[in-house]
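Structural overview for review
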Amino acid sequence: MEHTALTQAMARVPGPVTVVTTIDGTGKRWGFTANSFTSVSLDPPLVLVCLNKTASTHEAFTAADHFLINVLAHGEDGVARRFAQSGIDRFAAGDMEPCELGLPGSPGACVRVACSMHSVVDAGDHSILVGRVVDTCTNDRTPLVYYNRAFAHPATAADAGTVEPVKILHLADW
Ligand SMILES: Cc1cc2nc3c(=O)[nH]c(=O)nc-3n(C[C@H](O)[C@H](O)[C@H](O)COP(=O)(O)O)c2cc1C
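Here we summarise the structure given alongside this text. (Residues numbered from 1 in each chain as written. Predicted model: local features only at pLDDT ≥ 70, side-chain atom pairs only at ≥ 80, totals over all residues. Heavy atoms only, no water.)

**Some points on the pattern of salt bridges**
Formally: Think of a salt bridge as a Lys or Arg side-chain nitrogen and an Asp or Glu carboxyl oxygen that are within 4 Å of each other. Each helix is a run of DSSP H or I of at least 4 residues and each strand a run of E of at least 2, with the numbering of both proceeding from the N terminus. Residue exposure (1.4 Å probe, protein chains only): buried if accessible area is under 20% of the type maximum, exposed if over 50%, otherwise partly exposed.
Under the counting rule described, the total for this entry stands at four salt bridges. In this structure, Asp122 engages Lys53 in a salt bridge whose closest nitrogen and oxygen atoms are separated by 2.4 Å. Here Lys53 lies in the loop between β5 (46–52) and α2 (58–62) and Asp122 lies in strand β9 (residues 111–123), a separation of 69 residues in the sequence. The exposed category is assigned to Asp122, whose relative accessible area is 58%. When its relative accessible area of 34% is taken as the criterion, Lys53 is described as partly exposed.

**A short note on the sheet that holds β5**
Where we set the bar: Paired strands, as defined in this entry, are two strands with at least two bridges between them according to DSSP. What counts as an axis is a line fitted to C-alpha atoms, over the stretch in contact for a helix, and the angles between N-to-C directions run from 0 to 180 degrees.
An order of β3-β2-β6-β9-β10-β5-β4 is seen for the seven strands of this open sheet, with the pairing classed as antiparallel. In the strand order of this sheet, the two ends are held by β3 (29–34) and β4 (38–41), each with one partner. The mean angle between the axes of side-by-side strands here comes to 35°, regardless of whether they run parallel or antiparallel. By the bridge criterion, six bridges tie strand β2 (residues 18–23) to β3 in an arrangement that is antiparallel. Each residue of the ladder has a partner; that of Val20, found in β3, is Phe32.

**Things to note about the side chain of Thr18**
What counts here: Contacts: residue pairs with any heavy atoms within 4.5 Å of one another.
Among the structural elements, Thr18 can be located in strand β2. Apart from residues no more than four positions distant in its own chain, Thr18 is found in contact with Phe32, Thr33, Ala34, Phe37, Ile69, Asn70, Val71 and Leu72.

**A word on the sheet that holds strand β12 (residues 150–152)**
The antiparallel open sheet is built from three strands, whose spatial order is β1-β11-β12. Of all the strands in the sheet, the pair left with one neighbour each is β1 (15–16) and β12.

**A short note on the site of the ligand**
Test applied: For this description, a residue counts as near a given molecule or strand if any of its non-hydrogen atoms is within 4 Å of it. Distance and chemistry together define a polar contact, namely a pair of N or O atoms within 3.5 Å, with one atom able to donate a hydrogen and the other to accept it when in protein, and with adjacent residues in sequence counting only for side-chain atoms on both sides. Here the open area of atoms and residues is found with the Shrake-Rupley method and a 1.4 Å probe, where only the protein chains shown may cover a residue.
Close contacts around the ligand come from 15 residues, with Ser36, Asn52, Ser56, Ala84 and Ser86 the closest. Between the ligand and the protein, one listed contact pairs an oxygen atom with a backbone N or O atom of Thr33 at 2.8 Å. Note that an oxygen atom of the ligand is positioned 2.4 Å from one of the side-chain N or O atoms of Ser56. Starting from 630 Å² of accessible surface for the ligand in isolation, the protein chains cover 79%.

Given below as structure tokens:
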């Protein structure tokens, strides 16, 4: 399997845009943009996010006791880009505030999921951070979506009249 075939296929799979944060033992904040977030188990409540082993944040996250997943909302694409950028202070903009577990969170996020580290699973060139959910925060904001290597957002009732309505096929139409 060629890398490009897999990345081209996965680019066509829409996913959430998250910023995952933690704080290390010295009080330093760490964060990275990730679209690999998904739920794993209800009992116990587990979620996961995949982190590239070459990332500058890898050591901090694989050693972390806790982490916070911020599911970004429509309009937060600047935050997503900044937390994916190398060689900068991703927190310098000052838009992350202490949230669940005291970890850095985006007040504009549509969902925040606070986790204790359940396990770190070795998976090829990535580590899978499996978190046990200890707290959540949700609101009605529209989520940001990553699709075809671009940021998008799902059409909602608020978009009525600005997007082509989807044709609903009833069983009788088949
Ligand atoms: C939309 C988007 C989604 C991303 N998803 C992931 C991901 O799930 N896992 C990951 O390790 N890196 C992901 N990245 C890349 C990281 O955010 C970051 O750019 C990379 O870890 C390099 O950062 P470094 O300078 O800390 O090494 C994503 C980047 C973008 C823009």
